[in-house]
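Chains, contacts and geometry: an overview
What follows is each chain in one-letter form.
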There are 2 protein chains.
Amino acid sequence: MKKLLVVYAVMLCLFFLYVYDYSRSDKAGSAAGESGSPLVGNLSEKFVMVTFQSGIEYWKSGLKGFEDAAQLFNVSVEYRGAAHYDVHEQMTVLEQVIAKKPAGIAVSAIDSEALNPVIDKAYEQGIPIVLFDSDAPLSKASTYIGTNNMEAGSAAARQMAEFLDEKGETAVITQPRQYNQEERTEGFKQTIEQHYPKMKVYAVLDGKGDELTSKKEAAAILKKNPDIQGIFTTEANGASGVAQAVKAAGLEKKVHIIGFDKDKKTLDGIKDGTISATLGQDTWQMGYWSLHMLFYSNRHLKDTRSLPSSIDTGITIITKENVEAYYAND
Amino acid sequence: MKKLLVVYAVMLCLFFLYVYDYSRSDKAGSAAGESGSPLVGNLSEKFVMVTFQSGIEYWKSGLKGFEDAAQLFNVSVEYRGAAHYDVHEQMTVLEQVIAKKPAGIAVSAIDSEALNPVIDKAYEQGIPIVLFDSDAPLSKASTYIGTNNMEAGSAAARQMAEFLDEKGETAVITQPRQYNQEERTEGFKQTIEQHYPKMKVYAVLDGKGDELTSKKEAAAILKKNPDIQGIFTTEANGASGVAQAVKAAGLEKKVHIIGFDKDKKTLDGIKDGTISATLGQDTWQMGYWSLHMLFYSNRHLKDTRSLPSSIDTGITIITKENVEAYYAND
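Residues numbered from 1 in each chain as written. Chains lettered and ligands numbered in written order. Predicted model: local features only at pLDDT ≥ 70, side-chain atom pairs only at ≥ 80, totals over all residues. Heavy atoms only, no water.

Residue and element names in this part refer to chain B. Along the chain, the position of I257 falls in strand β9 (residues 256-260). On the accessibility criterion, I257 (0% relative accessible area) is buried. For I257 and I275, which are 18 residues apart along the polypeptide, the C-alpha to C-alpha distance reads 5.1 Å. Residues in contact with I257, not counting those within four places in the same chain, are I231, A239, V242, A243, V246, T274, I275, S276 and A277. (Helix = DSSP H or I, 4+ residues; strand = E, 2+ residues; numbered from the N terminus. Buried < 20%, exposed > 50% of the residue type's maximum accessible area, 1.4 Å probe, protein only. Contact = heavy atoms within 4.5 Å.)

This is the structure:
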């Protein structure tokens, strides 16, 4: 009898516990429903960032932006890069990524055309795909997120004109066929042609995105044309190479170098005066908004409406006057 | 003894219930933390869209995009417009909106410069402010969301060249000092000058954003220069007015009209052949992404990092071949 009473009491308690749990889970359910925003993803949604020439400092901040946005949406990211500056290698990496059918792909194109068939393949398989940093404008990717590179080249030209008092010869060291750099070169050339009649772009050279090649090209052109007073390098590794060539030729006081991006070597060069300026891109934003476009596309948050055709993340001109602020960032 | 046992049993149960409840509320707390996304706002956050010339069909779709994004974030919107096409009236409306300290303001600027002091005032008071549709590029607003209007003008020129077999005289009917239209005009002129040596922009006229004025200006220029074969109108009300002038002059078979936007009158004109084409903007996206930028800015979702400098929402060329699809939309 005693035992039975205890059993009853325990059963009664368990029953209340059950009822209580049921009502709790019901409340929890509706609460989740209310705050169950379409903007909250889940960690099984994986978004992949694909670059070329992986491992360089340049991509870090973009990946951080990609990760920060993923955290905002509670989704996962993966980073894949071709180890070398090689079109075929990036194509292979991109093919491998597509085969895994991720929730979306953000790719920075090493070549403005060669990757199009692979990019279009992702699109045709319904995998959201955007371009960041370097566009492939004729591909089927929905959006380009990055610097308006014509505008950046134009800003470099205006800055060069200021350094050179609007007269003198210049050269550009770039990487042909990489669309962002083609545009920077074009923006630089057009602005000088249209607005600075006493200035000239004497040569456009291929630095292969490489410090040593940029150094060699700069040395050669300075030897060939001693009138050159300004060199604009359109990518991150060029400025420090060009600075070495200028120094070796003893022309530090004459030749102004404008670089691109905020690599430590470039910032150091600005600080010690061997590089006159560099154009800072907001690579963090590129990654951040890339993930946004992919997440929205994957979740059909905008029905059948299209995404923006491009997002311009802007540039900042960095000179000796403001260089300190850029060491801490990113 | 019996009673004591029951009391013990009940107390034990209550203790377990307490422990269970504690652990549940703990879990619920962390679950709310996980799904308590920073992207879920609250309805007391009010974002305001400010236009000029309110009440016209043109703004509807942009406001819908603004509202759709507000629903996504669970925040409120309000729509305020100057009743007339009047700079001072828009300035007054904007001042009134700022005085209420809303969570953010999206403004389409009637004038590319005159509004700057009022826009900057919002910025200085810490109220997030963006420009959509028509920019004020020298203001302190963070982002421009809308059509890349240089690009749109350029697309209109290419389309006109196709209609005119790349030869003949053209005119532009626009509204000077409204930045989006200045750019469309400039994009049109530059593209014709640079790429179509047998074409010419004979005149750029002020249609005052008005059907009747556009009709009068078109009639006058067609009388003055009978060689004109193409007229590009850079805003929504122009094309139908120009079509009336062309018809009255009996020149329907000779003069091609390219309009802007997707107003019913324009689409009807394309359908019946009096208007050759129009450039469709994605105004829904302008409102949609404007609210995004304001929400992110208001909630400091990106720390101290800046927003994109611009978002290009793209254009579509609408001709007789695809016009039907645009009646249903928006």
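Below, the discussion takes up the pattern of salt bridges. Applying the stated rule across the entire model yields 23 salt bridges over all chains. Notably, a salt bridge pairs K121 of chain A with E95 of chain A, separated by 2.7 Å at the nearest N-O pair. Placement of the pair is K121 of chain A in helix α4 (residues 116-124) and E95 of chain A in helix α3 (residues 87-99), with a sequence separation of 26 residues. Residues D111 of chain B and R177 of chain B are paired through a salt bridge, measuring 3.1 Å at the closest nitrogen-oxygen approach. Taken together, the residues D111 of chain B in the loop between β3 (104-107) and α4 (116-124) and R177 of chain B in the loop between β6 (168-174) and α6 (179-195) connect sequence positions 66 residues apart. Accessibility expressed as a relative area gives 7% for D111 of chain B, which makes it buried. (Salt bridge = Lys/Arg side-chain N within 4 Å of Asp/Glu carboxyl O.)

Residues and elements named next belong to chain A. Overall, the coordinates contain 28 aromatic pairs over all chains when judged by the stated rule. Judged by centre distance (6.4 Å) and plane angle (50 degrees), the rings of F47 and F295 are tilted. Of the two residues, F47 is situated in strand β1 (residues 46-51) and F295 in helix α10 (residues 283-298); the sequence distance between them amounts to 248 residues. Summarising the aromatic geometry, the rings of F73 and Y296 are spaced 6.3 Å apart at their centres and angled 70 degrees between planes, so their arrangement reads as edge-to-face. With F73 in helix α2 (residues 60-73) and Y296 in helix α10, this pair connects stretches of sequence that are 223 residues apart. Residues F73 and Y296 agree in their burial class; the two are buried. (Phe/Tyr/Trp six-rings, centres within 6.5 Å; stacked < 30°, edge-to-face > 60°.)

All right, on to the packing of helix α7 (residues 211-224) of chain A against helix α8 (residues 238-248) of chain A then. All names here are of chain A. Interaxial distance between α7 and α8 falls to 7 Å at its minimum, and their mutual angle equals 40 degrees. Considered as vectors, α7 and α8 are oriented oblique to each other. Handedness of the α7/α8 crossing: right-handed. Together, E211, S214, K215, A218, A219 and L222 of α7 and G238, S240, G241, V242, Q244, A245 and V246 of α8 make up the contact between the two elements. Looking at side-chain class alone, the contact of α7 with α8 contains six nonpolar, five polar and two charged residues. (Axes fitted to C-alpha atoms, helices over the stretch in contact; angles between N-to-C directions. Parallel < 35°, antiparallel > 145°, perpendicular 65-115°, else oblique. Left-handed = near helix turned anticlockwise from the far one by under 90°. Nonpolar A, V, L, I, M, F, W, Y, C, P; charged D, E, K, R; others polar.)

Residue and element names in this part refer to chain B. With respect to the element layout, Q181 can be found in helix α6. With relative accessibility at 1%, the residue Q181 sits in the buried group. In the structure, Q181 is positioned 31 residues away from M150 in sequence and 9.0 Å away in space, judged by C-alpha atoms. The residues contacting Q181, other than those within four sequence positions of it, are T174, Q175, T234 and E235.

Take the sheet that holds β6 of chain B next. All names here are of chain B. Reading across the sheet, the six strands line up as β7-β6-β8-β9-β10-β12 and stay open at both edges, with mixed pairing between neighbours. The outermost strands of the open sheet, each flanked by one partner alone, are β7 (199-206) and β12 (315-318). If you compare each strand with its neighbour and ignore which way they point, the axes differ by 20 degrees on average. Note: β6 against β7, seven bridges, orientation parallel. Within the sheet, the bridge partner assigned to A171 lies in β7 and is A203. The sheet strands contacting helix α7 (residues 211-224) are β6, β7 and β8 (228-233), and the helix crosses β7 at an angle near 140 degrees. (Pairing = 2+ DSSP bridges.)

For an α-helix the count is 3.6 residues per turn, leaving residues at separations of three or four pointing the same way. All names here are of chain B. For helix α10 (residues 283-298), with 16 residues, the first-to-last C-alpha span of 23 Å sits near the 22 Å given by 1.5 Å per residue. Summarising burial for α10: 14 of the 16 residues are buried, a large majority. Phi for H300, located one or two positions after α10, is positive at around 50 degrees. (Expected span 1.5 Å × (residues − 1).)

Residues and elements named next belong to chain A. Direction vectors running N to C along α3 and α4 enclose 10 degrees, while the axes themselves pass 10 Å from each other. As summarised for this structure, α3 and α4 are arranged roughly parallel, according to the angle between their axes. Residues M91, L94, E95 and I98 of α3 form the contact with α4, whose own contacting residues are V118, I119, K121 and A122.

Turning our attention to the sheet that holds strand β4 (residues 129-132) of chain B. Within the open sheet, the 12 strands sit side by side as β2(A)-β1(A)-β3(A)-β4(A)-β5(A)-β11(A)-β11(B)-β5(B)-β4(B)-β3(B)-β1(B)-β2(B). Their pairing is mixed. Both outer strands of the open sheet, β2 (76-81) of chain A together with β2 (76-81) of chain B, are each paired with one neighbouring strand and no more. The sheet shows a mean angle of 20 degrees between the axes of neighbouring strands, taken without regard to direction. Examined bridge by bridge, strand β11 (residues 310-312) of chain A and strand β11 (residues 310-312) of chain B share three bridges and lie antiparallel to one another. By the bridge assignment for β11 of chain B, I311 of chain A is matched with I311 of chain B.

What follows covers the pairing of β1 of chain A. All names here are of chain A. Along β1, five of the six residues are buried, which leaves the element largely enclosed by surrounding structure. Bridge count between β1 and β2: six bridges; the pairing is parallel. Along β2, the bridge assignment pairs F47 with V77. Strand direction decides the pairing type here: β1 and strand β3 (residues 104-107), joined by four bridges, are parallel. Residue F47 lies in a different strand from β3, and its bridge partner there is G104.

On to the confidence of the model for chain A, then. Low-confidence regions, as indicated by low pLDDT, have predicted coordinates that should not be scrutinised in detail. Predicted confidence across chain A gives a mean pLDDT of 89, with 88% of residues reaching 70 or more. In this model, residues 24-35 of chain A is a region of pLDDT below 50 whose contacts with residues beyond four sequence positions or in other chains number seven contacts. (pLDDT = per-residue confidence, 0-100.)

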